[in-house]
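Fold and contact review
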Amino acid sequence: QQPVQSPQAVILREGEDAVINCSSSKALYSVHWYRQKHGEAPVFLMILLKGGEQKGHDKISASFNEKKQQSSLYLTASQLSYSGTYFCGTGDDKIIFGKGTRLHILP
Amino acid sequence: GAGVSQSPSNKVTEKGKDVELRCDPISGHTALYWYRQRLGQGLEFLIYFQGNSAPDKSGLPSDRFSAERTGESVSTLTIQRTQQEDSAVYLCASSFPMGTEAFFGQGTRLTVV
């Protein structure tokens, strides 16, 4: 079952914050977050395992609410380098990705 | 090698021909995944391997697509009688046990003319 991401696209000015949401109709064991820049391969950001944990990576953090079957990715004080498409992936074995959220940061 | 290696990086083929795409995972990675990404689209799951076993082939778009893996090493994705709608970037990823961080290769850009 493919997770649903929202919004589909976001345009921000440098320094602004953004939240990207990922939800599933199926019980989640883990959620993966990846970022893909244009013409490049997806790059791993973080994995969250069930337990409602929150993880951080520089100014990018994420939460996972297994009861609500949702995860959110938080980008704080966005930088130009944050531009790209963000994918969440779910699955106990195979990783099924959402359709992605395009993030564009303006200087 | 240091990362996931895919070959060829680009492939142009005529409609109706067969193509074989190769993926060399990171050494020691037991799980291997294939995805297809059409221009401007998301990551479409095709198949995954745990070792050389493929428990789930449901993502393969048609019986023209097949994949194999030798042990916990190289995998090949074969597309027979290629069609124009097969044009896409085919991405391979590998990881330690499934559900851990997956590393992607740079992909093979397939163009069917």
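Above this text sits the structure in question.
This one's a predicted model, so the numbers in the text were calculated from it and none came from an experiment. (Residues numbered from 1 in each chain as written. Chains lettered and ligands numbered in written order. Predicted model: local features only at pLDDT ≥ 70, side-chain atom pairs only at ≥ 80, totals over all residues. Heavy atoms only, no water.)

Quick notes on the overall build of chain B
Each helix and strand in chain B was counted, giving zero helices and eleven strands. For chain B, the N- to C-terminal ordering of α and β elements is β-β-β-β-β-β-β-β-β-β-β. Counting only C-alpha atoms, chain B reaches 35 × 25 × 25 Å along its principal axes. Of all 113 residues assigned to chain B, the portion counted as buried reaches 50%. Charged side chains of chain B number 11 positive and 12 negative; the gap between the two group centres comes to 5 Å. (Helix = DSSP H or I, 4+ residues; strand = E, 2+ residues; numbered from the N terminus. Buried < 20%, exposed > 50% of the residue type's maximum accessible area, 1.4 Å probe, protein only. Lys, Arg positive; Asp, Glu negative; His and termini not counted. Charge placed at Lys NZ, Arg CZ, Asp CG, Glu CD.)

Details of the pattern of salt bridges
All names here are of chain B. Within this structure, the stated rule accounts for four salt bridges over all chains. Arg36 is paired through a salt bridge with Glu44; the nearest N and O atoms lie 3.0 Å apart. In this structure Arg36 comes out as buried when scored by relative accessible area, which is 5%. Look at Glu44 and you get partly exposed, because its relative accessible area is 29%. (Salt bridge = Lys/Arg side-chain N within 4 Å of Asp/Glu carboxyl O.)

Quick word on the packing of aromatic side chains
Residue and element names in this part refer to chain A. Under the criterion given, the structure shown has eleven aromatic pairs over all chains. Ring centres of Tyr34 and Phe44 lie 5.6 Å apart, and the angle between their planes is 75°; on these two criteria the pair is classed as edge-to-face. Within this pair, whereas Tyr34 is found in strand E4 (residues 30–36), its partner Phe44 is found in strand E5 (residues 43–49), the two being separated by ten residues in sequence. Each ring, one from Tyr34 and one from Phe97, has its centre 5.5 Å from the other, and the planes form 80°; the classification is edge-to-face. In this pair, Tyr34 is assigned in strand E4 and Phe97 in strand E10 (residues 96–97), connecting sequence segments 63 residues apart. Pair check on accessibility: Tyr34 and Phe97 agree, each one buried. (Phe/Tyr/Trp six-rings, centres within 6.5 Å; stacked < 30°, edge-to-face > 60°.)

Section: the interface of chain A and chain B
Residue-level contacts link 17 residues of chain A with 20 residues of chain B. With both sides pooled, the region where chain A packs onto chain B buries about 1500 Å², and carbon together with sulfur makes up 59% of that total. Here chain A is connected to chain B by one salt bridge. The tally of links from chain A across to chain B stands at five residue pairs in polar contact (both at pLDDT 80 or more). (Contact = heavy atoms within 4.5 Å. Buried area = accessible area lost by both parts, 1.4 Å probe. Polar contact = N/O pair within 3.5 Å; in protein donor to acceptor, adjacent residues only side chain to side chain.)

So, the sheet that holds strand E1 (residues 5–7) of chain B
Residue and element names in this part refer to chain B. On the basis of which strands lie adjacent, the open sheet formed by four strands has the order E1-E3-E8-E7 and antiparallel pairing. Each having just a single partner strand, E1 and strand E7 (65–69) make up the two edges of the open sheet. Sheet twist, expressed as the average angle between the axes of neighbouring strands with direction ignored, equals 15°. Pairing analysis gives three bridges linking E1 to strand E3 (residues 19–24), with the strands arranged antiparallel. Looking across to E3, one finds that Ser7 is bridged to Arg22. (Pairing = 2+ DSSP bridges. Axes fitted to C-alpha atoms, helices over the stretch in contact; angles between N-to-C directions.)

Brief notes about the nonpolar core
With 21 residues, the main nonpolar core has Trp33, Met46, Leu73, Leu75, Tyr82, Tyr86 and Leu103 of chain A as its most contacted residues. Sorting the residues of this core by element identifies strand E2 (9–13), strand E3 (18–23), E4, E5, strand E7 (60–65), strand E8 (70–75), strand E9 (84–90) and strand E11 (101–106) of chain A as the ones contributing at least two each. Ranked by size, the runner-up nonpolar core spans 20 residues in total, among them Leu32, Phe65, Leu77 and Leu110 of chain B. (Core = buried A, V, L, I, M, F, W, Y, C linked by side-chain atoms within 4.5 Å.)

Regarding the environment of Phe96 of chain B
All names here are of chain B. Counting through the fold element by element, Phe96 comes out in the loop between strand E9 (88–95) and strand E10 (103–104). Here the alpha-carbon distance between Phe96 and Ala31, two residues 65 residues apart in the chain, equals 5.9 Å. Among residues more than four places away in sequence, those in contact with Phe96 are Gly28, His29, Thr30 and Ala31.

Considerations on the pairing of E11 of chain A
All names here are of chain A. Burial of the side chains of E11 is restricted to one face: Thr101, Leu103 and Ile105 are buried, whereas none of Arg102, His104 and Leu106 on the reverse face is. Pairing of E2 with E11 involves five bridges; the strand directions are parallel. Considered in E11, the bridge of Arg13 is made with Leu106. Sheet analysis places E9 next to E11, joined by three bridges and oriented antiparallel.

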